[in-house]
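# Structural overview for review
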Amino acid sequence: MCGIVGYIGKKEAFPIIIKGLKWLEYRGYDSAGVALLNGSLEVYKKKGKVIDLEEFASEKNNGGSLGIGHTRWATHGEPNDENAHPHVSMEGMFTLVHNGIIENYAELKEDLIKHGYRFNSETDTEVLANLVEYFYKQSSEINSETAVQLALSKVVGAYGIAVLCSEEKDKMVVARKGSPLVVGLGNKEYFVASDAAPIAEFTSQVVYLNDEDIAVITRNSFTLKNVQNTPVSLKISNLDLEIGELDKGEYEHFMLKEIYEQPKTIEETFRGRLRHDQSEIVLGGLINIFPKIEKAERIIIIGCGTSWHAALIGEYMLEEYAQIPVEVEYASEFRYRKPVLGENDVVILISQSGETADTLAALELAKSKGATVLGICNVVGSTLARETDAGVYTHAGIEIGVASTKAFTAQVTVLTMFALKMAKARKKIDTEEYQMLVKELSEIPEKGRLILENNENIKTIAEKYKDAINALYLGRGYLFPVALEGALKLKEISYIHAEGYAAGEMKHGPIALVDDNLPVVVVAPKDDYYEKIVSNIQEVKARKGNVIAIVTEGDVVLKEMANDIIEIPDSHPAVAPLLSVIPLQMLAYHIALMRGCNVDQPRNLAKSVTVE
Ligand code: AGP
C-alpha cells in the first residue's frame, strides 16, 4: 500500500516520478504528491489520482533532477491535501514520503510537541519527518543519514521511506522495514521505487533493500548501512523484467485486458514447464529442493484473498493426486496463532505481489519453526521471492487491476503442475492419468479463448442483475473455491454484497436468503457432483431464486432449469476452475461497469496490502 518513487541524477526528475507513480498507482490512489529539490524545495500534493497531481504541478516550477513522489492509500488521516505525502518537517529541513505504519507515532508526537513541534496533518509520517529534523538539529556533526538512522531507531512499525534534506542538496536517503523498496543503478543516476516496474525501463541493475537497511544515495555514490549504523555490503541483482508500456491497449480497463490475457498468461505459466510429450513437469525453481519436498509429511498453503482461494484448489489437487495431507491458512490468522509445524512440513506461500504484510509475517513464522518454505509469486524480485527457500514464478505479467484475475489463474496453473509433479514423484498416479491431466491442462488456453467469445451473452446477463443488493455464489469440490472467488470479484468491484458458499452448506443457513430478488450464481459444469448441484439448483428455484448457472456446453438439463446459463467447454474437473472462473470475472466486470464503479481502482482497496 502506498507507492514511492525517487530519482537522483542528471535527467528531469518530475516526468520520471510522475510516470513511476502511474505504475505504482495500484498500490493506493487516495492522493499523490511530489517534492523536488532544485535550489529551493518545491512540494506539490493533491487529493485524488496521479493524473490530478500531474495537471496541478505541470504549470508550476517542477524542474530539477532530484525528487521523490508518493501515491497514497490512507491509514492515518482521511485522504486530503494536508494528509497527502510528501510531508515537510516544521522548519522545512526534511521532506519525506512513507509507506507503512509508525505504530508508536502518538508517543513520538507527544515528545516532539514537548520540544515545540507543531503539526499540520493527522499522519504518522509527519511525525517521522519532524523526528528526523529534531535529531538533525541536535548537533552540527549530525548529517541527514545519521538523523534518519537515529529517528528510525526510535520507530516501532513498518516503513519504506525516501527522504530529502534541504541543506544537503545532492543526496537522497531511503530506508525500509517491512515495506519494500528497490534502488535501480544507472550511470550517475539512481531510481528508487516500491517495486521494480517504474525502474525497468531505465536499468536492469537493482539493489533490493532488506529490512532495516538505510541507503545513502548521491549522484556519484550509493552506500548502505543499517539502523544500528553498521555498514552493509551491496548485493546487486539483475532485473529480469519485461514490462512493456503501462497501456490498456484496445481495452477500456486494465481488469478487462487482464481477463482477456488469460489464455496467453496461462500458456506463459506452463511454457517450458509442461512438456509436449507429457513427460516430466519441470519447475526450475524447485529442482534442487524437490527431493526434500516430495518427502514432506504435510503441506500448508498460506495466502490472502484471491491467493487463498487458489490455495484451496491446490489443497484439493494435492490431496487427491499426491495423497499428501494439506492445510490451507489465512496468513493473517496463521501469523498470530501458535501453529504446530516443524522441519518435515512444507509451507507454500502464495502471493501475486509477494509483498503482502501478513503473508510475509507467516513466511517468517514458518521459517522460524524450521519448515521448508516455498513461494508462488508473480512479482519478480519481491520480498516473498527473495525470502523463501525456493519457489515458482507465475509469469502472468504485471497485473494492474486491483481485482486479481490473471494472477489467480496463473497461481492455479502452478499449483496444478506442482500437484501432478508431486503425485508422480510419490508414485500416487499412474502414467495414463498423469498424461491425461497434463493434456487437459495444456488445452486450457484454447478453451479459455472460446469462453471469452461469450462476452455479449455475459453482458446481457449482467444487465439483468446489475441492481441486485445481494448475491450468492455456489460450487462444490474444485468449484467451491471458484464460487468464493466469483463472490469476491463481485463485491470488491461492484460493492454488491456477495457470499460464496459450498453448495452443500446451503441448507445450513444461506437458503434463508433466497427469494425472488436474489441472484444465485451456481458453478455447475459436469463433474462427479453434478447430480447433487442440480438438486441444489432445484432447491433455489423452489424458493423463487434466480439461478445463473455456469454449465458444460450442451447441458440441456440446466438450460431448462436455470434462469440464465453461461456455457464453458468440457474439461476434466481438476482443471475446470481455470475455465469456470473466467465468466465470473467477466460478470463482475460488466456489473461493476454498469453500476458506474471504478473497476480498476475500487474504493477503499489497494492491490498490494503492505500493512496489516
Ligand atoms: C484480489 O482481487 C484482491 N484484490 C485481494 O484479495 C488479493 O488477492 C490479496 O490482497 C492478496 O494479495 P497478494 O496475492 O498480492 O498477496
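Residues numbered from 1 in each chain as written. Predicted model: local features only at pLDDT ≥ 70, side-chain atom pairs only at ≥ 80, totals over all residues. Heavy atoms only, no water.

If you check which residues of helix H15 (residues 455–465) are buried, you get Asn 455, Ile 458, Ile 461, Ala 462 and Tyr 465. For H15, the angular spread of buried residues about the axis comes to 125°, placing them on one side. Exposed side chains of H15 directed beyond 90 degrees from the buried face belong to Glu 456, Thr 460 and Lys 464. (Buried < 20%, exposed > 50% of the residue type's maximum accessible area, 1.4 Å probe, protein only. Helix = DSSP H or I, 4+ residues; strand = E, 2+ residues; numbered from the N terminus. Arc of directions from axis to C-beta.)

Of all hydrophobic cores here, the largest spans 92 residues; its most connected members are Leu 286, Ile 299, Ile 301, Leu 318, Phe 418 and Tyr 473. Two domains each donate at least three residues to this core, and these are domain 2 (250–442) and domain 3 (451–599). Once residues lying within four places of it in the same chain are set aside, the contact partners of Ile 299 are Leu 318, Ile 324, Pro 325, Val 326, Glu 327, Val 346, Ile 348, Phe 418 and Met 422. Among the nonpolar cores identified, the runner-up in size contains 30 residues, and Leu 108, Tyr 136, Ala 151 and Ile 161 belong to it. (Core = buried A, V, L, I, M, F, W, Y, C linked by side-chain atoms within 4.5 Å. Domains from an automatic or database assignment. Contact = heavy atoms within 4.5 Å.)

Moving on: the packing of helix H12 (residues 406–425) against helix H13 (residues 431–442). Two numbers describe how H12 lies on H13: the axes approach to 11 Å, and their chain directions differ by 170°. By the angle between their axes, H12 is roughly antiparallel relative to H13. Along its contact with H12, which presents Thr 413, Thr 416, Met 417, Leu 420 and Lys 424, the element H13 presents Tyr 434, Leu 437, Val 438 and Leu 441. Class assignment for the residues of the contact of H12 with H13 results in six nonpolar, two polar and one charged. (Axes fitted to C-alpha atoms, helices over the stretch in contact; angles between N-to-C directions. Parallel < 35°, antiparallel > 145°, perpendicular 65-115°, else oblique. Nonpolar A, V, L, I, M, F, W, Y, C, P; charged D, E, K, R; others polar.)

Mapped onto the fold, Thr 123 is located in the loop between helix H3 (105–114) and helix H4 (124–136). Side-chain polar atoms of Thr 123 contact the side chain of His 87, separated by 3.4 Å. Among all residues touching Thr 123, those that are not within four sequence positions of it are Arg 72, His 76, Asn 83, His 87 and Tyr 105. (Polar contact = N/O pair within 3.5 Å; in protein donor to acceptor, adjacent residues only side chain to side chain.)

On to the site of the ligand. The immediate surroundings of the ligand are formed by 15 residues, with Ser 307, Ser 351, Gln 352, Thr 356 and Glu 492 found nearest. In this structure, Ser 307 approaches the ligand through a side-chain N or O atom, which is 2.6 Å from an oxygen atom. Within the side chain of Lys 489, a nitrogen or oxygen atom sits 3.0 Å from an oxygen atom of the ligand. Against a free-state accessible area of 410 Å², the protein chains account for coverage of 90% of the ligand. Secondary structure elements with two or more residues in the shell around the ligand: helix H8 (305–322) and helix H16 (480–494). When grouped by side-chain class, the residues that make up the shell around the ligand number five nonpolar, eight polar and two charged. Residue-level mapping places the shell around the ligand at the junction of two domains, with at least three residues from each of domain 2 (250–442) and domain 3 (451–599). (Near = heavy atom within 4 Å. Areas by Shrake-Rupley, 256 points an atom, 1.4 Å probe, with all protein chains shown as cover.)

We now examine the domain arrangement of the protein. By domain assignment, the protein separates into domain 1 (2–244), domain 2 (250–442) and domain 3 (451–599). Computed from C-alpha coordinates alone, the two centres of domain 1 and domain 3 are separated by 45 Å.

Tracing the backbone shows His 76 in the loop between strand E4 (66–72) and strand E5 (87–88). Filtering out sequence-adjacent residues up to four positions away, His 76 remains in contact with Ile 101, Tyr 105, Glu 122, Thr 123 and Asp 124.

Bringing the pattern of salt bridges into the picture now. Oppositely charged side chains can form a pair if their charged atoms are brought close together. Scanning the entire structure with this criterion turns up 33 salt bridges. Residues Glu 463 and Lys 466 are paired through a salt bridge, measuring 3.2 Å at the closest nitrogen-oxygen approach. Classification of Glu 463 by relative accessible area gives partly exposed; the value is 43%. For Lys 489, the salt bridge identified is with Glu 485, shortest N-O distance 2.6 Å. Taken together, the positions of Lys 489 and Glu 485, both in helix H16 and four residues apart, correspond to about one turn of that helix. Note on Lys 489: relative accessible area 1%, which makes it buried. Under the relative-accessibility criterion, Glu 485 is labelled buried at 0%. (Salt bridge = Lys/Arg side-chain N within 4 Å of Asp/Glu carboxyl O.)

Now for the packing of aromatic side chains. Counted according to the given criterion, the structure contains nine aromatic pairs. Measuring from ring centre to ring centre gives 4.5 Å for Phe 191 and Phe 202, while their planes differ by 10°; the resulting arrangement is stacked. Here Phe 191, found in strand E10 (residues 190–193), pairs with Phe 202, found in the loop between E10 and strand E11 (205–208); they are 11 residues apart in sequence, far enough to count as distant. Under the relative-accessibility criterion, Phe 191 is labelled buried at 2%. Taken together, the ring pairs in this structure connect Tyr 7, Phe 191 and Phe 202 into an aromatic cluster. (Phe/Tyr/Trp six-rings, centres within 6.5 Å; stacked < 30°, edge-to-face > 60°.)

Right, let's get into the sheet that holds strand E23 (residues 546–552). Read from one edge of the open sheet, five strands run E21-E20-E22-E23-E24, paired in parallel fashion. The sheet terminates laterally at strand E21 (497–502) and strand E24 (564–568), the two strands that pair on one side only. If you compare each strand with its neighbour and ignore which way they point, the axes differ by 20° on average. Pairing of strand E20 (residues 470–475) with E21 involves six bridges; the strand directions are parallel. Its bridge partner lying in E21, Gly 475 is registered against Ala 502. Packed onto the sheet, H15 meets strand E22 (519–523), E23 and E24 and runs at close to 150° relative to E24. Helix H17 (residues 530–542) rests against E20, E22 and E23 of the sheet, and its axis sits at about 175° to E22. (Pairing = 2+ DSSP bridges.)

Looking now at the pairing of strand E12 (residues 213–217). Of all the five residues making up E12, five are buried; the element is thus mostly covered by neighbouring parts of the structure. On E12, burial covers both faces: Asp 213, Ala 215 and Ile 217 on one face and Ile 214 and Val 216 on the other are all buried. The pairing of strand E8 (residues 168–177) with E12 spans five bridges and is antiparallel. Each residue of the ladder has a partner; that of Arg 176, found in E12, is Asp 213. Linking two consecutive strands that pair antiparallel, namely E12 and strand E13 (residues 222–226), is a turn of four residues.

Attention now goes to the sheet that holds strand E15 (residues 298–303). The parallel open sheet is built from five strands, whose spatial order is E16-E15-E17-E18-E19. Of all strands in the sheet, those with a lone pairing partner are strand E16 (326–330) and strand E19 (390–393), marking the two edges. Sheet twist, expressed as the mean angle between neighbouring strand axes with direction ignored, is 20°. With five bridges connecting them, E15 and E16 associate as parallel partners. Paired with Ile 301 across the bridge in E16 is Val 328.

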